[in-house]
Amino acid sequence: MTPADEDYRRAVDLLLAGELVGLPTETVYGLGADAANPTAVAKIFAAKGRPADHPLIVHIAGHDAVDQWAEAVPEVAWELMETFWPGPLTLILKKQAWVPSTVTGGQDTVGLRVPGHPVALELLRRFALASPGKPAGIAAPSANRFGRISPTTAAHVAEELGERVPLILDGGPCAVGIESTIIDCSRGAPVVLRPGHISPLHLEAVLGRLPDIETSAGAPRVSGSLEAHYAPVTPLRMVAADRLLDFLNAQRHRGGKCAVISANQPPQAGMPHAWRLMPADPVGYAHDLYAALRDMDHTGVDLIVVEAIPSGPEWTAVVDRLRRAVAGAGQG
Ligand code: TXA
Ligand code: MG
């Protein structure tokens, strides 16, 4: 799926005019605005219903733009860029003084990423050409309403934001399906702030050791501190595989309608209302996760049951997203 030349032109014109554009990336769809224009960036927060102190990721066309946005970039950050850009990795770096605080949530750091999607890259290149001599970055959070499931198709973006976004570039379904891995390189040794497709094992290959992970959801803290996120409107429960059938039977006796998300085949007897079969590998599971949550949310059931998934470093990102979805579900 490739937008027409005309679509790119319109997208660049909208960005230059301080308006919003929905754009595909390899992770999830983003809601983009000119990152150097605070008025444009404010429209992102308004459209999403997102608190203004949440920093945004700035998408850039290539490594050579890094120094326009960040300073004191450590050697390890350049190594990570070399290995993983364009791709699903966001680096948190010390920001240049001029970078608007609307983008950084008032922090002295900026999140940068070169996305690995041809449509996003083409838009970034054209935006840079149309902004000679100026830093050309697109600030883009995931294109969902605050706290809801991130969109992985252009249709999801329209469903989330409708009239709030004047143009959505359609780049087909996202290949990765969950948000980028975020690594903080601004405070010494790199620390993972958000797990993603680039797993601790991938990072170990560059860093020479497994990175520390500091996420609000990944760390064993009181459940109230879990940031509710990526959540369906329907309540969501995670149930261990060996308890699943008993759990579903008990729900049925109570008259509750369930939808199940599972990497195993449905039972022969006593099939619940809906069963979404997931890939059994972590990359495939992540790819399908948000679409599955969104679809099951539309089935009209009382409860979405997710069969517990394996632990282990390659599952870190999926476990993180599911925990947040459970924490935030049922609040719509
Ligand atoms: O894959 C992705 O990263 C997608 C696509 C569109 O690129 N974007 C995305 O953006 O997930 P958003 O806004 O939904 O999530 C951005 C995350 C937030 O958790 C935010 O706190 C963190 O990045 N972040 C951004 N800048 C930061 C900074 N300077 N310091 C710490 N965290 C930062
Ligand atoms: Mg988001």
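Keep in mind that what you see is a predicted model, and the values were worked out from it rather than measured. (Residues numbered from 1 in each chain as written. Chains lettered and ligands numbered in written order. Predicted model: local features only at pLDDT ≥ 70, side-chain atom pairs only at ≥ 80, totals over all residues. Heavy atoms only, no water.)

**Digging into the site of ligand 1**
Lining the immediate surroundings of ligand 1 are 23 residues, of which Thr27, Arg50, His59, Ser180 and Arg194 lie closest. The contact in question runs from an oxygen atom of ligand 1 to an N or O atom on the side chain of Arg113, over 3.1 Å. In the complex, 88% of the free accessible area of ligand 1, which totals 680 Å², lies under the protein chains. Contributing elements (two or more residues each) for the shell around ligand 1: β3 (57-59), β5 (109-113) and β8 (191-194). Among the elements that take part in the shell around ligand 1, β5 stands out by supplying four residues, more than any other. (Near = heavy atom within 4 Å. Polar contact = N/O pair within 3.5 Å; in protein donor to acceptor, adjacent residues only side chain to side chain. Areas by Shrake-Rupley, 256 points an atom, 1.4 Å probe, with all protein chains shown as cover. Helix = DSSP H or I, 4+ residues; strand = E, 2+ residues; numbered from the N terminus.)

**Description of the pattern of salt bridges**
With the rule as written, the count across this model stands at 14 salt bridges. A salt bridge links Glu122 to Arg125; its shortest N-O distance comes to 3.5 Å. Of the two residues, Glu122 and Arg125 both sit in helix α6 (residues 118-129), three residues apart, roughly one turn of that helix. Given the relative accessible area of 43%, Arg125 is considered partly exposed. The salt bridge involving Arg187 is made with Glu214; its shortest N-O contact spans 3.6 Å. On the criterion of sequence distance, the pair formed by Arg187 in the loop between β7 (181-184) and β8 and Glu214 in the loop between β9 (212-213) and β10 (236-239) is long-range, its members being 27 residues apart. Residue classification places Arg187 among the exposed positions, given a relative accessible area of 51%. Through salt bridges with shared partners, a single ionic network connects Asp5, Arg9, Glu122, Arg125 and Arg126. (Salt bridge = Lys/Arg side-chain N within 4 Å of Asp/Glu carboxyl O. Buried < 20%, exposed > 50% of the residue type's maximum accessible area, 1.4 Å probe, protein only.)

**Focus: the pairing of strand β4 (residues 89-94)**
Within a regular beta strand, the side chains point alternately toward one face of the sheet and then the other, so they alternate between its two faces. Most of β4 is tucked away, with five of its six residues classed as buried. Bridge count between β4 and β5: four bridges; the pairing is antiparallel. In the strand pairing of β5, Ile92 is matched with Gly111. (Pairing = 2+ DSSP bridges.)

**Re the sheet that holds β7**
Taken together, the nine strands give an open sheet; going across it, the order is β1-β2-β6-β3-β5-β4-β7-β8-β9, and neighbouring strands pair in mixed fashion. In this open sheet, the two strands that pair with only one neighbour each are β1 (21-23) and β9.

**Focus: the nonpolar core**
Grouped together as the largest cluster of nonpolar side chains are 45 residues, with contacts concentrated most on Ile60, Val66, Leu80, Trp85, Leu91, Leu93 and Leu112. Broken down by secondary-structure element, the contributors of at least two residues to this core are β2 (30-34), α2 (38-48), α3 (66-69), α4 (75-84), β4, β5, α7 (154-161) and α8 (200-207). The biggest single contributor to this core is α2, with five residues. Apart from residues lying up to four places away in sequence, Trp85 is in contact with Ile60, His63, Val66, Leu80, Leu91, Leu112, Arg113 and Val114. Of all hydrophobic cores here, the second largest spans 27 residues; its members include Ala292, Leu293, Leu322 and Ala329. (Core = buried A, V, L, I, M, F, W, Y, C linked by side-chain atoms within 4.5 Å. Contact = heavy atoms within 4.5 Å.)

**Some thoughts on the domain arrangement of the protein**
For the protein, the assigned domains read domain 1 (5-213) and domain 2 (236-328). Taking only C-alpha atoms, the centre of domain 1 and the centre of domain 2 are 30 Å apart. Listed as interface residues are 24 residues of domain 1 and, on the opposing side, 14 residues of domain 2. For the pair domain 1 and domain 2, the two sides together bury roughly 1,600 Å², of which 61% comes from carbon and sulfur. At the boundary of domain 1 with domain 2, the tally comes to three salt bridges. Scanning the region where domain 1 abuts domain 2 turns up nine residue pairs in polar contact (both at pLDDT 80 or more). Secondary-structure elements contributing two or more residues to the side of domain 1 that touches domain 2 are α7 and α8. (Domains from an automatic or database assignment. Buried area = accessible area lost by both parts, 1.4 Å probe.)

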